[in-house]
Amino acid sequence: HTATRMLLRARLLAPLYTTRVAGRRRPPAFMAAAGHYAVVSDVYETAWCYQNDGAFQSWLLKKVQESLPAKCRSVADVGCGTGNFSGALQKAMGVRVVGVEPSAEMAAKAVDYGVNVEVADALTWAEAAEDDAERFDAVLMKEVRHHIDDPTSLYEKLATRLSPGGRILLLTRPDESQGYPFPPAAHKHWSAGVLLPLKAHEEALARAGLRVTVREERYPVQMRRDEWERLVRQRFWSHLRNLTENEVEDGLRELALPEDVHFEDRMMFVVAELASPE
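Here the structure is a predicted model, which is why all the values come from computation and not from measurement.

Enquirer: Would you explain the overall build of the protein in this entry?
Expert: Within the protein, the secondary structure is distributed over 11 helices and 9 strands. Summarising the internal contacts of the protein: among those between residues at least 6 apart in sequence, 77% fall at separations of at least 24. A total of about 12400 Å² of accessible surface is found on the protein, and carbon and sulfur atoms cover 52% of it.

Take a look at the structure:
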């Protein structure tokens, strides 16, 4: 059993959050997410929402700090990407952050931010609790919800990695992308990429024995049109990876965006708390 788990962890490009079928992981289609992030790892941190020390990061750090337990000392950042947010959180709060990331290319960049990252998918990592593994005051899952196909199994396992009074913090964007200046076809891919509606995740967290609260936060984004078009062409978000070249170029022409692009980036904060013992 232990040898099998070690083998699974060694699969560097394993999908982010997978279920098993007849004792095996799902087919390779679910590896598309990790493969996408391997391709865009150098572009990733040029987007407003991933820039290290950027205004968005500062805003999000404040919102995350408000959502963590009052005496938080340790955080597991599941799906940590390059580790830039993990490192910023570690520095801002003085907490220890451990990263979990299935893309070896993304995880390799975390050393620059002083974050230790285990290259593994979330379910494999969560199952380590069976070996009396470390418990955390918080498990952060930032912008990974669209990769989770079996929230019930995953959240039940993740709940066992929480300390008493600990929290799972799921940060995600809405089910629909209206208001974002994407090419028209991208909105369909956004919706199709939401494997399960947010409500299903809320219910799964509650079934895992956690007390769930939800709120929406909005951040005003402004950038030059050529910068936005660059990000879209380079498929900086995973739902854009399925667009053809024609869908991108024709869609951008159809949008006819002004020189300065404005929109609101909408973040849903799902906070799920494990009750402390009486």
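Enquirer: I'm lost on the packing of helix α7 (residues 151-159) against helix α9 (residues 198-207) in this one. Help?
Expert: Any two packed helices are characterised by how steeply their axes cross, that is the angle between the axes, and by the distance between the axes. For the pair α7 and α9, interaxial distance at closest approach is 8 Å and the crossing angle is 40°. One element, α7, and the other, α9, form an angle in the oblique class. Handedness of the crossing formed by α7 with α9: right-handed. When α7 is examined against α9, the residues Pro 151, Thr 152 and Tyr 155 are found in contact with a partner set consisting of His 201, Ala 204, Leu 205 and Arg 207. By residue class, the composition of the contact of α7 with α9 is 4 nonpolar, 2 polar and 1 charged.

Enquirer: Sorry if this is basic, but what is going on with helix α4 (residues 84-93) here?
Expert: An α-helical segment advances 3.6 residues per turn. Residues three or four places apart therefore align on the same side. Of all 10 residues in α4, 7 are buried; the element is thus mostly enclosed. Three or more residues of α4 are buried, namely Asn 84, Phe 85, Ser 86, Gly 87, Ala 88, Leu 89 and Gln 90. The inward-facing, buried residues of α4 abut α3 (55-67), β3 (74-78), β4 (96-100) and β6 (136-142). Just downstream of α4 lies Gly 94, where phi reads positive at about 70°.

Enquirer: Sorry, what's going on with the confidence of the model for the protein here?
Expert: In low-pLDDT regions, the fine details of the predicted coordinates are not to be read closely. Averaged over every residue, the pLDDT of the protein is 85; the share at 70 or more is 83%. For the stretch residues 1-32, pLDDT sits under 50, and the model shows 68 contacts to residues farther than four places along the chain or on other chains.

Enquirer: Which parts of the structure should I look at to understand the pattern of salt bridges?
Expert: Under the counting rule described, the total for this entry stands at 21 salt bridges. With a shortest N-O distance of 2.8 Å, Glu 217 and Arg 215 are connected by a salt bridge. Overall, Glu 217 belongs to the buried group, its relative accessible area being 16%. Residues joined by salt bridges that share partners form a network here, namely Lys 142, Glu 143, Arg 173 and Asp 265.

Enquirer: I would appreciate a short explanation of the nonpolar core in the present structure.
Expert: A general feature of soluble globular proteins is that nonpolar side chains tend to end up buried together. Counting 45 residues, the largest nonpolar core has Trp 48, Val 64, Val 75, Trp 228, Phe 236 and Trp 237 as its most contacted members. Ranked by size, the runner-up nonpolar core spans 28 residues in total, among them Ala 122, Val 139, Val 144 and Leu 205.

Enquirer: Hey, could you run me through the packing of helix α10 (residues 225-233) against helix α11 (residues 245-255) in this one?
Expert: Axis separation between α10 and α11 bottoms out at 10 Å; the angle between their running directions is 160°. Comparing the axis directions of α10 and α11 gives the class roughly antiparallel. Crossing of α10 over α11 shows right-handed handedness. Note on element contacts: α11 touches α10 through Val 248, Glu 249 and Leu 252, opposite Glu 229, Val 232 and Arg 233. Grouping the amino acids of the contact of α10 with α11 by side-chain chemistry returns 3 nonpolar, no polar and 3 charged.

Enquirer: Even after reading the chapter, I still don't get the side chain of Glu 202, so can you show me in this structure?
Expert: Positionally, Glu 202 belongs in helix α9. Ignoring anything within four residues of it in the chain, the contact list for Glu 202 reads Val 212, Val 214 and Val 270.

So, how was this worked out
- Residues numbered from 1 in each chain as written.
- Predicted model: local features only at pLDDT ≥ 70, side-chain atom pairs only at ≥ 80, totals over all residues.
- Heavy atoms only, no water.
- Helix = DSSP H or I, 4+ residues; strand = E, 2+ residues; numbered from the N terminus.
- Contact = heavy atoms within 4.5 Å.
- Areas by Shrake-Rupley, 256 points an atom, 1.4 Å probe, with all protein chains shown as cover.
- Axes fitted to C-alpha atoms, helices over the stretch in contact; angles between N-to-C directions.
- Parallel < 35°, antiparallel > 145°, perpendicular 65-115°, else oblique.
- Left-handed = near helix turned anticlockwise from the far one by under 90°.
- Nonpolar A, V, L, I, M, F, W, Y, C, P; charged D, E, K, R; others polar.
- Buried < 20%, exposed > 50% of the residue type's maximum accessible area, 1.4 Å probe, protein only.
- pLDDT = per-residue confidence, 0-100.
- Salt bridge = Lys/Arg side-chain N within 4 Å of Asp/Glu carboxyl O.
- Core = buried A, V, L, I, M, F, W, Y, C linked by side-chain atoms within 4.5 Å.

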